[in-house]
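Remarks on the overall topology
What follows is the residue order along each chain.
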Amino acid sequence: MSTRQKRLQQFWAQEKSLTILLLILVVQIFIVIPIGQKTIVAETIFLIFYALLLSAGMFLLIKNAKLRLLLIVILIFLIFLGSDFFFKSVKLGILDDFIAVVYCILLGWVVLLRTFSEGPVTIHRIQGAIVVYLLVGLIFAMAYHSVYLLYSETAFKGLGSLDRKEFMYFSLTTLTTVGYGDISPAIPLNRSMANLEALIGQLYPAILIARLVSMEFEASKGR
């Protein structure tokens, strides 16, 4: 392993790497996705930040450099194949969403383990907790997108287009229980998913705050 690779490995082993992951995720969710993917340029920007998110997460998930690089290449290829660059395919779109959901679940689990590991509460751990919260929104957005691909227009009421920004918007308003009502689930599967997401959106911050407070209290006793 080269010196540069060792430095990268050491950086991603530290808590401050969660700050970089949060930055990439915030840009992807609140800037890149809302732009939409209706043009080649917008789709390219979306895929670039998607690749950045995959690459950053792989450093947390896998320590072996060669295996990590191989998986990054494979996942980026599948995501590129599932995009609308060449043709639209329902099966590839669903496969794309499924792979991304599994990846985000694994990434969220690893970040949670780091966030709630023993030690004092730092700003990086708090940012890690925010990463998991945003990943939940992203996971449900991709799940809603897959349901739409399966059931078409009957899956939602008020949906403007097939663009991912619509599903990201609906997911975040559901997660935060804002619920404007402009988009609503129209089939039992979507309604159950929306109820589950809203429940997570309520319970996660409450449990998170309680856990972080108890961790800080335990750490302060040892000082």
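Just so it is clear, the structure is predicted and the values come from calculations on it, not from any experiment. Once a new chain begins, its residue numbering starts again from 1 and follows that chain's sequence as written. Restriction of local features to residues with pLDDT of at least 70 applies here, the model being predicted, together with a cutoff of 80 or more for giving and counting side-chain atom pairs; totals for whole chains, interfaces and linings are based on all residues. The basis for every side-chain value is the complete set of non-hydrogen atoms in the structure, without hydrogens or water.

All right, on to the environment of Ala141 then. Relative to the assigned elements, Ala141 resides in helix α6 (residues 123-151). For the pair Ala141 and Leu172, spaced 31 residues apart in sequence, the C-alpha to C-alpha distance is 8.2 Å. Setting aside anything within four residues of it in sequence, one finds Ala141 in contact with Phe167, Met168 and Ser171. Helix numbers and strand numbers start at the N terminus; a helix is a DSSP run of H or I with at least 4 residues, a strand a run of E with at least 2. A contact between two residues is defined here by any heavy atoms of the two lying within 4.5 Å.

With that settled, the discussion passes to unusual backbone geometry. For Ser152, which is not glycine, the phi torsion reads 60° and is therefore positive. Within the fold, Ser152 resides in the loop between α6 and β1 (156-157). Within the chain, Thr177 stands out as a residue other than glycine whose phi angle is a positive 55°. Each residue's exposure class comes from its accessible area (1.4 Å probe, protein chains only) as a fraction of the maximum for that residue type: buried when under 20%, exposed when over 50%, partly exposed otherwise. The partly exposed category is assigned to Thr177, whose relative accessible area is 38%.

This part takes up the pattern of salt bridges. Oppositely charged side chains can form a pair if their charged atoms are brought close together. The salt bridge definition used is simple: a Lys or Arg side-chain nitrogen within 4 Å of an Asp or Glu carboxyl oxygen. Overall, the coordinates contain 2 salt bridges when judged by the stated rule. Between Asp96 and Arg164 there is a salt bridge, with the nearest N and O atoms lying 3.7 Å from each other. Highlighted residues: Asp96 in helix α5 (residues 90-115) and Arg164 in helix α7 (residues 164-175), separated in sequence by 68 residues. A relative accessible area of 4% places Asp96 in the buried class. Between Asp97 and Arg164 there is a salt bridge, with its nearest N and O atoms 3.1 Å apart. Taken together, the positions of Asp97 in helix α5 and Arg164 in helix α7 put the pair 67 residues apart, joining distant regions of the chain. Judged by relative accessible area, Asp97 falls into the buried class, the value being 1%. For Arg164, a relative accessible area of 17% puts it in the buried group.

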